[in-house]
Each structure stands twice: as C-alpha cells, then as structure tokens.
Amino acid sequence: MGTKLNKILGAVLVAQFVIFGAVILLGGSSEPETQKPRELLPDLDQKTVTRIAIGEGEGKRAVLEKKAGRWVLHSGGDFPAKQDKVDELVDKLAAVTAGPPVAEKATYHRALEVADEKYQRKIEIERSKGDKLTFYLGSSPALKKVHFRMAGQDPVYLAGDLSAWGVGARANAWVDTDYFKVEQKEIVSLTLKNEHGELALSKGADGKWALAGLKPEEKLDSGAVDSLVGSASSVV
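Residues numbered from 1 in each chain as written. Predicted model: local features only at pLDDT ≥ 70, side-chain atom pairs only at ≥ 80, totals over all residues. Heavy atoms only, no water.

Caption draft 1: Inspection of the overall build of the protein at higher detail. If you tally the helices and strands in the protein, you get 3 helices and 15 strands. Here the protein holds 236 residues, and 28% of them are scored as buried. For the protein, the proportion of contacts with a sequence separation of at least 24, taken over those separated by at least 6, is 51%. Just so you have it, the protein exposes about 15700 Å², and 54% of that area is on carbon and sulfur atoms. (Helix = DSSP H or I, 4+ residues; strand = E, 2+ residues; numbered from the N terminus. Buried < 20%, exposed > 50% of the residue type's maximum accessible area, 1.4 Å probe, protein only. Contact = heavy atoms within 4.5 Å. Areas by Shrake-Rupley, 256 points an atom, 1.4 Å probe, with all protein chains shown as cover.)

What follows is the structure, given as structure tokens:
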C-alpha cells in the first residue's frame, strides 16, 4: 500500500515539474504579474491650463485664472497669485500616478470622501481648447497618498505624492498675505502719529534705538521698541 502511494505521489511531483518547466520555456512566470502605475491625468499640460477651481467640503472655494500669462486669484478680485505655487500644482497633478482601483463601486465613494456630495477637494481644470477636467480628492490612508476619483466615473484610485490638504481651497493658500513687508534690520527710523501726539524713534550707528524728546531721567524700553518695530515691518 505504501509503495503504491509513493508511486502516485512521485508521478504527481513529476507532472508538476513538467508543467513548471513548460511555463518557463513558453516565457511565462510562476510569480503573479504586477500592474505598473498609470497616469491619472495623462493629457494635463502646463501650457494649456487656463483656470483652476478648488472646492472644499465646507463650502470654501478658490478660483485661479491665467490672464495675460500670469496667474491671479479670480475669486479674490484678480489679486496676483503665487506663480510658482500654481505652476507646481499643475505639474504635480500632471505627474500623479496610481495602481489598480482600490474600489470600483459608487457605494464606496462617501466612505472614501470622493462622492459628488461629500469630498475633501473638488478640482475643476479648464483648458485653452475649451474642455474641463473634474476630479475629487478624498481621505488619505497613508502619508502622501490620497483617494482619487474622476467625476462621472466609479473607480477610485490611491494616488501617490499628493494630499487634499496640500491643495488649498482658501485664498491665503495662493496669494502673498503680506500687504507690506520690509526687513526689520533695514529699519533705521520709525514715526508714529495719532491724536495724542507723535512718537519718533531713530537707530544710531551702534544699533541702539533713541526716542526723540525722552527726558534724562526716563529710560527707553528696548524690548518694547523691538516689538513695535517688528510689528511695523509687515502689514497683513
């Protein structure tokens, strides 16, 4: 009985080796084939993008437009935007990739925060040829990973090197919020006027501040002066 069983097991083993050898000879592999990452926005080109609208689930929305070759915050009265930051966003979106879908049914959209009515970011990109790309960014299960879905499609992908919080939907994410700014060390005099009078400060060659009209028995608070000059060096 034992001898017969051993013969059967031996025959099965030989058959397995024959099948394995045939697979190798025919160019196959015993390992499952992994799918290469695909570009999610392959047609996105820096030169053709003319408008970007970024919506947030809380109702905030930033709209950027390119006018005369320069990016402006259209939703903020065409205030000049940070050119490098907008260009960086377009380049990052154009290069974003993902593997196979992590979900293919609409029933998962809300849980992954890429649904039409529940999302972390809704991004609409218009191009010079008149078409529009609309997609959603949702939850992030890992660092620099975000759920991504094209509008009108069910598959959800896990996009790499991207996050919803990195694509701001508020004005201060795209403009320089400093109305006025100067290096504090470059300030050598400061004059403040109001209904109570005038305060005039000047910095000497030794780097120390002096207050005009200061009485001999009075002492200037250098810490308070530094704080005042620091506050005056920028207006936001």
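Having put the structure on the table, let's press on.
Caption draft 2: Quick peek at the environment of Gln 83. Take Gln 83: it is sitting in helix H2 (residues 83-95). Gln 83 gets classed as buried once you look at its relative accessible area, which sits at 12%. Remark: the alpha-carbon pair of Gln 83 and Trp 174, spanning 91 residues in sequence, is separated by 8.6 Å. Apart from the residues lying within four places of it in its own chain, the contact partners of Gln 83 are Arg 70 and Trp 71. One polar contact links the side chain of Gln 83 to the main-chain amide nitrogen of Trp 71, over a distance of 2.7 Å. (Polar contact = N/O pair within 3.5 Å; in protein donor to acceptor, adjacent residues only side chain to side chain.)

Caption draft 3: Quick look at the sheet that holds strand E2 (residues 49-56). Read from one edge of the open sheet, 8 strands run E5-E4-E3-E2-E7-E8-E9-E10, paired in antiparallel fashion. The two strands at the open ends of the sheet, each matched to only one other strand, are strand E5 (79-80) and strand E10 (157-160). Here 6 bridges tie strand E7 (residues 121-127) to strand E8 (residues 132-137), and the two strands are oriented antiparallel to one another. In the strand pairing of E8, Ile 123 is matched with Phe 135. (Pairing = 2+ DSSP bridges.)

Caption draft 4: How the structure looks around H2. Look at H2: 19 Å from first C-alpha to last across 13 residues, which is about the 18 Å you get at 1.5 Å a residue. Along H2, the positions that sit buried rather than exposed are Gln 83, Val 86, Leu 89, Val 90 and Leu 93. An end-on view of H2 places all buried positions within 135° of arc, on one side of the element. Facing away from the buried side of H2, by more than 90 degrees, are the exposed residues Asp 84 and Ala 95. Contacts made by the buried residues of H2 are with E2, strand E3 (61-67), strand E4 (70-73), E7 and E8. (Expected span 1.5 Å × (residues − 1). Arc of directions from axis to C-beta.)

Caption draft 5: Molecular detail of the environment of Thr 97. Here Thr 97 shows up in strand E6 (residues 97-98). For Thr 97, a relative accessible area of 30% translates into the label partly exposed. For the pair Thr 97 and Glu 39, spaced 58 residues apart in sequence, the C-alpha to C-alpha distance is 4.4 Å. In contact with Thr 97, not counting residues within four places along its chain, are Pro 37, Arg 38, Glu 39, Leu 40, Leu 158, Ala 159 and Gly 160.

Caption draft 6: Examining the side chain of Ser 163 more closely. You can see Ser 163 is positioned in the loop between E10 and strand E11 (180-181). Within the structure, the side chain of Ser 163 is placed 3.3 Å from the side chain of Trp 165, a separation counted as a polar contact. Looking at Ser 163, its side chain comes within polar contact range of the main-chain nitrogen of Gly 166, at 3.3 Å. Those residues within four positions of Ser 163 in sequence are excluded, and the remaining contacts are Leu 137 and Val 146.

Caption draft 7: Summary view of the side chain of Glu 65. With respect to the helices, strands and loops of the structure, Glu 65 is situated in strand E3. A relative accessible area of 16% places Glu 65 in the buried class. Each residue touching Glu 65, except ones within four places of it in the same chain, is listed here: Thr 50, Arg 51, Arg 70, Trp 71, Val 72 and His 74.

Caption draft 8: Representation of the pattern of salt bridges within the structure. Here the structure, examined in full by the defined rule, presents 13 salt bridges. Glu 126 serves as the salt-bridge partner of Arg 51, at 3.4 Å between the closest nitrogen and oxygen. With Arg 51 in strand E2 and Glu 126 in strand E7, this residue pair connects regions lying 75 residues apart in the sequence. What makes Glu 126 partly exposed here is its relative accessible area of 25%. One salt bridge connects Arg 121 with Glu 56, and the closest N-O pair in it is separated by 4.0 Å. Pair noted here: Arg 121 is in strand E7 and Glu 56 is in strand E2, with a separation of 65 residues, a long-range link. A single burial state applies to Arg 121 and to Glu 56, both of which are buried. (Salt bridge = Lys/Arg side-chain N within 4 Å of Asp/Glu carboxyl O.)

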